[in-house]
Amino acid sequence: MRGRLQQLLRRTKRNLAEFKELGGYSEIYKYSIEKNDEFWEKLARSRLLWEKDFTEVSDSSFKDGRISWFADGQLNVFDNCVTRHLADRGDQAALIYEKDEPGNEEIVTYAQLHSLVNRFANVLKSKGVKKGDRVAIYYPVSPLGVAAMLACAKIGAIHSVVFAGFSADALRQRIIDADCRVVICADGTYRGGRYINLKSVVDEAIENLDLVETVLVGTRNAEAKKLTTEKDVDLDLALAAAPENCLSEPMNAEDPLFLLYTSGSTGKPKGLVHSQAGYLLYAAVTTSAVFDCEPGDRFGCVADIGWITGHTYTVYGPLANGATSLLFESIPSYPDPGRYWATVDKHKLTQFYGAPTAYRSLLRHGDEFIEKYDRSSLKRIGSVGEPINTEAWEWLHHKVGSSKVPIADTWWQTETGGNMITPVPCDAGASFKPGSAQRPFYGIEPVLKNADGNTVQGNSVDGALCIAKPWPGIARTIHGDHERFRNVYLNVFDDVYTTGDGAHRDQDGEYTITGRMDDVINVSGHRLGTAEIEDCLTQLDFISEAAVIGIPEATKGEVPYAFVILKEGVEENSEHKLLANKHVAKVIAKFAVPKDTIIVSGLPKTRSGKIMRRILRKLASSEAKDFAQIAPELGDISTLAEPEVVEEIFLKKCQS
Ligand code: WTA
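Residues numbered from 1 in each chain as written. Predicted model: local features only at pLDDT ≥ 70, side-chain atom pairs only at ≥ 80, totals over all residues. Heavy atoms only, no water.

To be explicit about the condition: UniProt positions are given in the numbering used here, feature names are shortened, and annotations may be inferred rather than shown by experiment.
Under an unreviewed UniProt entry, the name given to the protein is Acetyl-coenzyme A synthetase, and the source organism is Oikopleura dioica. Per UniProt, the comment on the protein under Sequence similarities (unreviewed entry) is "Belongs to the ATP-dependent AMP-binding enzyme family."

Some remarks on the site of the ligand
Worth spelling out the cut-off: Residues are labelled near a given molecule or strand when at least one of their non-hydrogen atoms is within 4 Å of it. Definition of a polar contact: a pair of N or O atoms within 3.5 Å, with one able to donate and the other able to accept a hydrogen when the atoms are protein atoms, and with sequence-neighbouring residues admitted only if both atoms are side-chain atoms. Secondary structure elements are taken from DSSP: a helix is a run of H or I of four residues or more, a strand is a run of E of two residues or more, and numbering for both begins at the N terminus. Note that Gly is not counted as nonpolar here; it falls among the polar residues with everything else outside the nonpolar set of Ala, Val, Leu, Ile, Met, Phe, Trp, Tyr, Cys and Pro and the charged set of Asp, Glu, Lys and Arg.
Residues in close proximity to the ligand total 17 residues, the closest being Asp 409, Thr 410, Thr 414, Asp 501 and Arg 527. With respect to the ligand, the backbone of Thr 410 contributes an N or O atom lying 2.8 Å from a nitrogen atom. With respect to the ligand, the side chain of Arg 516 contributes an N or O atom lying 2.8 Å from an oxygen atom. Counting residues per element, the ones that place at least two in the shell around the ligand are helix H12 (308-320), strand S18 (407-410) and strand S23 (511-516). In terms of residue class, the shell around the ligand is built from six nonpolar, six polar and five charged.

Let's talk about the UniProt feature "domain: AMP-binding enzyme C-terminal" (unreviewed entry) in the protein
Following the UniProt record, the feature "domain: AMP-binding enzyme C-terminal" (unreviewed entry) maps to residues 532-610 here. A helix fraction of 25% and a strand fraction of 32% characterise residues 532-610, whose end C-alpha atoms lie 17 Å from each other.

What about the environment of Tyr 561?
Defined as follows: For each residue, the accessible area found with a 1.4 Å probe, counting protein chains only, is set against the maximum for its type, and the residue is called buried under 20%, exposed over 50%, and partly exposed in between. Here, two residues are considered to be in contact whenever any of their heavy atoms come within 4.5 Å of each other.
Along the chain, the position of Tyr 561 falls in strand S27 (residues 557-566). Overall, the relative accessible area of 5% leaves Tyr 561 in the buried class. Tyr 561 sits 357 residues away from Glu 204 along the chain, and the two C-alpha atoms are 28 Å apart. Tyr 561 has contacts with Ala 547, Val 548, Ile 549, Ile 551, Pro 594, Lys 595, Asp 596, Ile 598, Ala 620 and Lys 653, leaving out every residue within four places of it along the chain.

As for the pairing of strand S9 (residues 214-218)
Our working definition: Two strands form a pair only when DSSP identifies at least two bridges running between them.
Among the five residues in S9, five count as buried, and that is most of the element. In S9, alternate side chains face the same way, and those of Thr 214, Leu 216 and Gly 218 on one face and Val 215 and Val 217 on the other are all buried. In terms of strand pairing, strand S6 (residues 182-186) meets S9 through five bridges, oriented parallel. Paired with Ala 186 across the strands is Gly 218, a residue of S9. Two elements, S9 and strand S10 (residues 232-234), share three bridges in a ladder whose sense is parallel. Considered in S10, the bridge of Val 215 is made with Asp 232.

Considerations on the side chain of His 274
Positionally, His 274 belongs in strand S13 (residues 270-275). Relative accessible area serves as the criterion here: at 0%, His 274 is assigned to the buried category. Here the side chain of His 274 touches Thr 414 through a polar contact of 2.8 Å, landing on its backbone oxygen. Polar contacts involving the side chain of His 274 include one to the main-chain carbonyl oxygen of Gly 473, which spans 3.4 Å.

Some points on the packing of aromatic side chains
Short version of the rule: Only centres within 6.5 Å qualify two rings of Phe, Tyr or Trp (six-membered ring in Trp) as a pair; their planes then separate them into stacked at under 30 degrees, edge-to-face at over 60, and tilted for everything else. Lysine NZ or arginine CZ positioned within 6 Å of the ring centre and within 35 degrees of the ring normal marks a charge as sitting over the ring.
Counted by the stated rule, this structure contains 41 aromatic pairs. With centroids separated by 4.9 Å and ring planes inclined at 75°, the aromatic side chains of Phe 39 and Trp 40 adopt a geometry described as edge-to-face. One aromatic cluster in this structure is built from Phe 19, Tyr 25, Tyr 29, Tyr 31, Phe 39, Trp 40, Tyr 282, Phe 441 and Tyr 442. Over the face of the ring belonging to Tyr 25 we find Arg 439, whose NZ or CZ atom lies 5.7 Å from the ring centre.

Thoughts on the pairing of S27
Heads up, the condition is: Crossovers are marked right-handed if the path from the first strand over the helix to the second runs clockwise, as seen with the strands pointing away from the viewer.
Buried residues dominate S27, accounting for eight of its ten residues. With ten bridges connecting them, strand S26 (residues 543-553) and S27 associate as antiparallel partners. Residue pairing across strands places Glu 545 opposite Ile 565, the latter belonging to S27. Linking S26 back to S27 in an antiparallel pair, the connection comprises three residues. Pairing of S27 with strand S28 (residues 597-600) involves four bridges; the strand directions are parallel. Opposite Ile 565, over in S28, you have Val 600 as the bridge partner. With helix H19 (residues 575-587) bridging S27 and the parallel S28, this β-α-β connection has right-handed handedness.

Let's talk about the side chain of Glu 510
Turning to its location among the elements, Glu 510 is positioned in the loop between strand S22 (497-505) and S23. By relative accessible area, Glu 510 is classed as buried at 11%. Looking at Glu 510, its side chain comes within polar contact range of the side chain of Gln 438, at 2.9 Å. Once you skip the residues sitting within four places of it in the chain, Glu 510 turns out to touch Lys 433, Gln 438, Arg 439, His 504 and Arg 505.

Shown next as structure tokens:
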């Protein structure tokens, strides 16, 4: 009895305090679905600080392509994340900057962050940045990178952070698409002891690009920092000279807060637009309920600010909750595979949130890298970006978490703004299923659709994972292309948001993500469209056609693998592969370079010209040495336009 009571108490504490009188997860979840507006209204008032109160909660219709929350309310995201904490926790660390070199950290208190962002906002204003303008940020995880985002939020400019691992071409494309007149970057960053020059990437990206008027350059390595063009402005000098006072812009709830580019199955990357109030509310509430994040906690999300996880769980979520957020510049293996746990120990982190690809790379090393550090401060360990395999889950829970720390496997997307399916409340009272994200977050109603667009009923079933009702954190549109937004997400099936992932609903009604159903792949947690890589390969003057697929890989999860056809009259030579790799690295990023590129004379296509990627995946991932061995697995290939190419592709792959 006593045990049960304790479990209940724990569970209540871990739930949203606003609804504790309702009971546990099931009761609160039921309420959140049945009284959806009431649920979010209560949270919007208790969790956010409003400049102007709202009267309308939601006016959304997936069918009409309209998503709107708290529309007539006004607030400022920076004031919600920083200013309001000054009275109670001005001297508390807001950011811990764990630099690449171990033992080399910087602490930024809330008061210091407030002052830094105010000055930064004045610098932006002095460069002509106004409410609604887009600003590109090519900055590694660092206090200035975070301050750049918050300074935009303060004055109502829309930030577009581009992951500082993307190439110059990719950065240029994003700057042009969002029409950014100002770019903010650092001279460089360190990763695993290696200096990476970022400023030179920016220089290349904006060469002959009149659109960009100003490049604000912060310092990571003063000696390497070079201001080369008349557009360059020394950010440190500008900040030192800028006044400390700056008024925050009251923003309409539905004004855009940021753009973040992500890959889809077709076309160029899309700039998803997130809102001010709805996004912030969803970030704040999920951080608190999934991770039990309380004011004063030390939240360790090791994601880069160039990805949505960095936006929501390194910047906005922890700060909105008055926590201290870790900014991790390094890599998991530097100087040795104990770096994560050394960081947990040193800063007494209360939450640790990372990606399966990193966890998988660490578990191959000895337990001594974990055991020599104290991890008892941890109350949650999170996983995000791709499915976590049972081995990695067990390792995290039993080894890293000493069988005490609950694991939050969190399924979500750039588009969703925050965690969508994850064990909630994620505490010792919940039952966990390794490898399964399990339960929808409050207010989130998953539905599974079959190929005919009908909703799949009951349990122990599979289908395309969709979400029935709008929630505050969902992206509102694709920058400059609302039709595309509607077509890709809202009009695939009637009246629901289509995620692009497949899912299994088990006998208990809980969800396991089965993977993408489209041509999007996930390389070390980095999302890529195979079509983007194909486009890039066919830009080369010797390639006429390309097909790229993802194949499983032990550490990275998936890797791209390419099949290309050379142009008429081009003789195959050993340079082709190298040139292709170089080009993909230049146009997209190094992580997009195919594991192998096989030159073939034809591709397996249906008679209507559709490439059968399923066959390519089988061929690429097969260990078979003899075609007869693999043939039975390929299914009926006689219906292909040129069935004979399949064996040829197999042989070419074996020789490669
Ligand atoms: C995949 C990252 C299984 C999924 C936040 C999704 C996952 C895509 C998980 C979004 C998980 C993310 N289990 N698969 N816990 N988390 N995914 O936009 O395919 O970079 O659609 O957002 O990653 O990737 P994105």
